[in-house]
Amino acid sequence: MVNNVSSFTYNTTLGKIIKWTTNLKKIFDMNFSSTAIYNIARYTLQANQNANFYTETLSAEITWYSKSDCIGASDFDYMYNGNRAAGYNTSVPLCSPSVAKQVFKNKAGEFRLSIFNLLNQKPMLPATLPPIPFRIYVTMH
């Protein structure tokens, strides 16, 4: 309620996801996807802020597994925003490669070195991310 006047927001989201996944001889995985979302936003109090906008994300994930329990991987995402306010119609490519070594009995653990945002594209990323793109993960299953 604003100045004793009720305000309502109506959002409608239409979307689709298409995925293709393949595994080649237990040493190579490829995953491709496309996600498209169309948003319709309506405001009862300030109709001049009504908006329709579109978001598309194309993704590719490629993983290679060696016989010595090493893993090489890369994730690539291309994000596009359209029909938004000035400054928000952005296209952002993100590439995040990593290498890992599986450890312990039955590959129950993993040491991984990842580089997030290799292309140094920062629009649309949360401001809470640390400025250093290198991360080391230790995972236990």
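Just so we're clear, the structure is a prediction, and the values are computed from it rather than from any experiment.

## Here we look at the overall build of the protein chain
- Helix and strand counts for the protein chain stand at zero helices and seven strands.
- What you see in the protein chain, going N to C, is helices and strands ordered as β-β-β-β-β-β-β.
- Counting across all 141 residues of the protein chain, residues that qualify as buried make up 23%.
- Taking contacts inside the protein chain between residues at least 6 apart in sequence as the whole, the part at least 24 apart equals 41%.
- Within the structure as shown, the protein chain displays about 10,100 Å² of accessible surface, and the carbon and sulfur contribution to it stands at 61%.

## Notes on the packing of aromatic side chains
- Applying the stated criterion to the full structure yields two aromatic pairs.
- Each ring, one from Trp-20 and one from Phe-32, has its centre 5.6 Å from the other, and the planes form 15 degrees; the classification is stacked. Of this pair, Trp-20 sits in strand 1 (residues 9–24) while Phe-32 sits in strand 2 (residues 28–43), and the two are twelve residues apart along the sequence.
- Accessibility expressed as a relative area gives 47% for Trp-20, which makes it partly exposed.

## Observations regarding the confidence of the model for the protein chain
- Confidence in the prediction for the protein chain averages 83 pLDDT; 84% of positions are at 70 or higher.
- When mean pLDDT is compared element by element in the protein chain, strand 2 scores highest at 94, while strand 7 (residues 134–140) scores lowest at 55.

How each quantity is defined
Residues numbered from 1 in each chain as written. Predicted model: local features only at pLDDT ≥ 70, side-chain atom pairs only at ≥ 80, totals over all residues. Heavy atoms only, no water. Helix = DSSP H or I, 4+ residues; strand = E, 2+ residues; numbered from the N terminus. Buried < 20%, exposed > 50% of the residue type's maximum accessible area, 1.4 Å probe, protein only. Contact = heavy atoms within 4.5 Å. Areas by Shrake-Rupley, 256 points an atom, 1.4 Å probe, with all protein chains shown as cover. Phe/Tyr/Trp six-rings, centres within 6.5 Å; stacked < 30°, edge-to-face > 60°. pLDDT = per-residue confidence, 0-100.

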